[in-house]
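As a plain string of letters, each chain reads:
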Amino acid sequence: MDVFSAAGWGSAGVQWGAELADEWHDRDKHGAAWVAQKKTACRGYASQCSLYSRSHRTLTVASALGLVGGFIALFVTMLSKPSGDYDERYNWVEPDLTVHHTLIAIFYTVMLVSLPLYAGAAIRTFTRLMRAWNKVELKSQMEQSRSGLEYAARTLSQPVYWMFTTTGRAVISALPLPRWHTRLYQEAIYRCLYRGINTTDLPGTPWSS
């Protein structure tokens, strides 16, 4: 394991451990029933939120289908190129490739049109995900820390953990997985609600300002 991987896993361990410590502290302070009730309520509110508007989802799905479908159709078309043959006098006759070339041009065009549309939809998805998760991962650790050592550990691991999770979300945002994106978005909102972080400025929430 190289230094960067070790730093990423180490910072993740600190952040995950901090979340568990926060939950144990809440259980000690308020009781397990209070924690369970609050979790259920926050999950319910978060499940009402959507990362995608109708137009955003339609654009993502349509451009992904155009990009992937165009590539598959282009690949199959190029493999099925007509070949020449001999006529009854054994003269070699070249095939008519007009239809073949037309299909290739059409599929190339579909891919070229779909690519920037899909890239734009993926960037929008990533931007919205990061707006929500930045509230969770970049919030001040002062309130949750119960000692100077804990505050130092949380604060020092925070930027490294954020860098690695941001890279992961960038990759996920580039994949045509709207349901997965929505679940990630709802998880961020759930954590914000549980910790009392303001979410009125996030899109797709029933209580958006």
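1. Brief notes about the overall build of the protein chain
At step 1: Helix and strand counts for the protein chain stand at 6 helices and 2 strands.
At step 2: The order of α-helices and β-strands along the protein chain, N terminus first, is α-α-α-β-β-α-α-α.
At step 3: Of all 209 residues assigned to the protein chain, the portion counted as buried reaches 34%.
At step 4: Contacts in the protein chain between residues far apart in sequence, at least 24 positions, make up 73% of those at least 6 positions apart.

2. A few points about the environment of Ala 7
At step 1: Tracing the backbone through its elements, the reader meets Ala 7 in helix H1 (residues 3-30).
At step 2: Since its relative accessible area comes to 34%, Ala 7 is described here as partly exposed.
At step 3: The spacing of Ala 7 and Phe 164 is 157 residues in sequence and 9.5 Å in space, taken between C-alpha atoms.

3. What about helix H3 (residues 54-79)?
At step 1: Helix length check: H3 (26 residues) gives 37 Å between terminal C-alpha atoms against 38 Å at 1.5 Å per residue, within 8%.
At step 2: Looking at H3, one finds that the buried residues are His 56, Thr 60, Ser 63, Ala 64, Gly 66, Gly 70, Ala 73, Leu 74 and Thr 77.
At step 3: On the buried face of H3, the contacting elements are helix H4 (98-137).

4. Topic: the packing of aromatic side chains
Remark: the centre distance and the inter-plane angle together describe each pair of aromatic rings, the angle taken between the planes.
At step 1: Enumeration over the complete set of coordinates arrives at 1 aromatic pair.
At step 2: Relative to Tyr 194, the ring of Tyr 190 lies with its centre 6.3 Å away and its plane at 35°, an arrangement referred to as tilted. Here Tyr 194 and Tyr 190 lie together in helix H6 (residues 178-195), a separation of 4 residues that amounts to about one turn.
At step 3: On the accessibility criterion, Tyr 194 (7% relative accessible area) is buried.
At step 4: One residue, Lys 38, lies across the ring of Tyr 194, its end atom 5.0 Å from the ring centre.
At step 5: Above the plane of the ring of Tyr 190 lies Arg 43, whose end atom (NZ or CZ) is 3.7 Å from the centre.

5. Let's talk about the packing of H3 against H4
At step 1: For the pair H3 and H4, the least separation of the axes is 7 Å and the interaxial angle reads 150°. As H3 runs across H4, the sense of the crossing is left-handed.

6. Thoughts on the environment of Leu 97
At step 1: Relative to the helices and strands, Leu 97 resides in the loop between strand S2 (92-93) and H4.
At step 2: Sequence separation between Leu 97 and Pro 82 is 15 residues, and the spatial gap between their C-alpha atoms is 7.1 Å.
At step 3: Setting aside residues up to four positions removed in sequence, Leu 97 forms contacts with Lys 81 and Pro 82.

7. Examining a nonpolar patch on the surface
At step 1: Together, Val 68, Phe 71, Ile 72, Phe 75, Val 76 and Leu 79 give the surface a local cluster of nonpolar side chains, amounting to about 620 Å² of exposed area.
At step 2: Checked against the element boundaries, Ile 72 lands in helix H3.
At step 3: A relative accessible area of 48% means that Ile 72 is categorised as partly exposed.

8. Thoughts on the packing of helix H2 (residues 32-46) against H6
At step 1: Where H2 meets H6, the closest approach of the two axes is 9 Å, and the angle between their N-to-C directions is 135°. Taken together, the axes of H2 and H6 are oblique relative to one another. Where H2 crosses over H6, the handedness of that crossing is right-handed. Between H2 and H6, the contacting residues are Trp 34, Val 35, Lys 38, Lys 39, Cys 42, Arg 43, Tyr 45 and Ala 46 on the first element and Gln 186, Glu 187, Ile 189, Tyr 190, Leu 193 and Tyr 194 on the second.
At step 2: For the contact of H2 with H6, the class distribution of residues is 9 nonpolar, 1 polar and 4 charged.

9. Digging into H2
At step 1: With 15 residues, H2 ought to run about 21 Å at 1.5 Å a step, and its terminal C-alpha atoms sit 21 Å apart, in line with that.
At step 2: Buried within H2 are the following residues: Val 35, Cys 42 and Ala 46. With its buried residues spanning 40° around the axis, H2 presents them on a single face. The outward face of H2, more than 90 degrees from its buried face, is lined by the exposed residues Ala 33, Gln 37 and Thr 40.

10. A closer look at the nonpolar core
At step 1: By size, the foremost hydrophobic cluster in this structure holds 20 residues, and its most contacted members are Tyr 185 and Ile 189.
At step 2: Of all elements in the fold, only H2, H4 and H6 reach the threshold of two or more residues within this core.
At step 3: With 7 residues, H6 is the largest single contributor of residues to this core.
At step 4: In this structure, Tyr 185 is in contact with Ser 50, Leu 51, Arg 128, Leu 129, Ala 132, Leu 202 and Pro 203, ignoring residues within four places of it in sequence.

What counts, and at which threshold
- Residues numbered from 1 in each chain as written.
- Predicted model: local features only at pLDDT ≥ 70, side-chain atom pairs only at ≥ 80, totals over all residues.
- Heavy atoms only, no water.
- Helix = DSSP H or I, 4+ residues; strand = E, 2+ residues; numbered from the N terminus.
- Buried < 20%, exposed > 50% of the residue type's maximum accessible area, 1.4 Å probe, protein only.
- Contact = heavy atoms within 4.5 Å.
- Expected span 1.5 Å × (residues − 1).
- Phe/Tyr/Trp six-rings, centres within 6.5 Å; stacked < 30°, edge-to-face > 60°.
- Lys NZ or Arg CZ within 6 Å of the ring centre and 35° of its normal.
- Axes fitted to C-alpha atoms, helices over the stretch in contact; angles between N-to-C directions.
- Left-handed = near helix turned anticlockwise from the far one by under 90°.
- Patch = residues over 30% accessible without salt bridge, like charges linked within 9 Å, V, L, I, M, F, W, Y side chains within 5 Å.
- Areas by Shrake-Rupley, 256 points an atom, 1.4 Å probe, with all protein chains shown as cover.
- Salt bridge = Lys/Arg side-chain N within 4 Å of Asp/Glu carboxyl O.
- Parallel < 35°, antiparallel > 145°, perpendicular 65-115°, else oblique.
- Nonpolar A, V, L, I, M, F, W, Y, C, P; charged D, E, K, R; others polar.
- Arc of directions from axis to C-beta.
- Core = buried A, V, L, I, M, F, W, Y, C linked by side-chain atoms within 4.5 Å.

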